[in-house]
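Given next are the chains, with one letter for each unit.
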Amino acid sequence: HALGSAHHPFSPPPGSETDYATLAATPYVPHFFSAREFPTVTRIVEILLGKIDPESLALSAQWVDFWFHCSIGVRRAAQQLDPMHRALAVAHLGEKTMRDLEMADPASEGRAGIKALQRLSVDRYQREFVDLTIAQQDELVRRMSTLAQDDPLRKFFDQLRVQTVRGYYTTAAGIKELDYKGNAFYVTCPGCDSAHEGSSA
């Protein structure tokens, strides 16, 4: 129904919890990073993903920005859960996951990380990250990935890596790469391409 709505416009009732996301007709305006910082994030996303089409790159970078933006509300909501709702969440997600949602602060780590990257770039090459050569940018991203786990740059890198992959695999190109079939179903069992001794279909 949602996919078909592009051809048969449908507007959910006012106040509905569900709505359709629409592609913006105007250039993307970052929600979390500044307009000056967002090109740096986009470039790191491009380094992490390699050669992909411009639309997938843009959408992946936008997802990263949006995730950092939403992390503030997610943390606040987790901290304010009714005790009964929290108990239900713990039963479903586990205590560690809930504790991470309550205690982790991706927004602060994102702010600290982007500033630390710019300082490193200027200290090492006397230029901001977006003004570096491709080789210099690659070198700094590799450096971020090898720092100690508690280093602000490493925390920033780890968050960027996870959300970049998540963002990419929700784009059309990423879904195609996964060969995701959506709501398709099999009339008969397709079986398995590789035979394993002792296994049954």
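Structure's up top.
Note that the structure is a prediction, hence the values are computed from the model and not measured.

Thresholds applied
- Residues numbered from 1 in each chain as written.
- Predicted model: local features only at pLDDT ≥ 70, side-chain atom pairs only at ≥ 80, totals over all residues.
- Heavy atoms only, no water.
- Phe/Tyr/Trp six-rings, centres within 6.5 Å; stacked < 30°, edge-to-face > 60°.
- Lys NZ or Arg CZ within 6 Å of the ring centre and 35° of its normal.
- Salt bridge = Lys/Arg side-chain N within 4 Å of Asp/Glu carboxyl O.
- Helix = DSSP H or I, 4+ residues; strand = E, 2+ residues; numbered from the N terminus.
- Buried < 20%, exposed > 50% of the residue type's maximum accessible area, 1.4 Å probe, protein only.
- Contact = heavy atoms within 4.5 Å.
- Expected span 1.5 Å × (residues − 1).

K.L.:
Help me out: how do you make sense of the packing of aromatic side chains in this one?
P.N.:
Between two aromatic rings, the relevant description is the distance of the centres plus the angle of the planes. Applying the stated criterion across every chain yields a total of eight aromatic pairs. These aromatic residues form a ring-pair network of at least three members: Phe-32, Phe-33, Trp-67, Phe-68 and Phe-156. Directly above the ring of Phe-32 sits Arg-111, whose terminal nitrogen or CZ lies 3.8 Å from the centroid.

K.L.:
Is there a simple way to explain the pattern of salt bridges in this structure?
P.N.:
Close approach of charged atoms allows side chains of opposite charge to pair. Under the criterion given, the structure shown has twelve salt bridges. For the salt bridge of Arg-43 with Glu-46, the shortest nitrogen-to-oxygen distance reads 3.1 Å. Separated by three residues within a single helix, Arg-43 and Glu-46 lie in helix α1 (residues 38–49), roughly one turn from each other. Judged by its relative accessible area of 15%, Arg-43 is buried. Taken together, the salt bridges that share partners define one network made up of Arg-86, Glu-95, Arg-99 and Glu-102.

K.L.:
Even after reading the chapter, I still don't get the environment of Gln-149, so can you show me in this structure?
P.N.:
For Gln-149, the location among the structural elements is in the loop between α6 (134–146) and α7 (152–168). Discounting residues that sit within four places of it in the chain, Gln-149 has contacts with Arg-154, Lys-155 and Asp-158.

K.L.:
Help me out: how do you make sense of helix α5 (residues 106–125) in this one?
P.N.:
Since the α-helix packs 3.6 residues into each turn, any two residues three or four apart lie on the same face. Look at α5: 28 Å from first C-alpha to last across 20 residues, which is about the 28 Å you get at 1.5 Å a residue. For α5, the elements touching its buried residues are α1, α2 (54–79), α6 and α7. One or two positions beyond α5, positive phi appears at Gln-126, with a value near 65°.

K.L.:
Please clarify how the side chain of Thr-40 should be interpreted in this entry.
P.N.:
Along the chain, the position of Thr-40 falls in helix α1. Owing to a relative accessible area of 0%, Thr-40 belongs among the buried residues under this scheme. In contact with Thr-40, not counting residues within four places along its chain, are Ile-114, Leu-117, Gln-118, Phe-129 and Val-130.

Shape descriptors only; they carry no functional weight alone.
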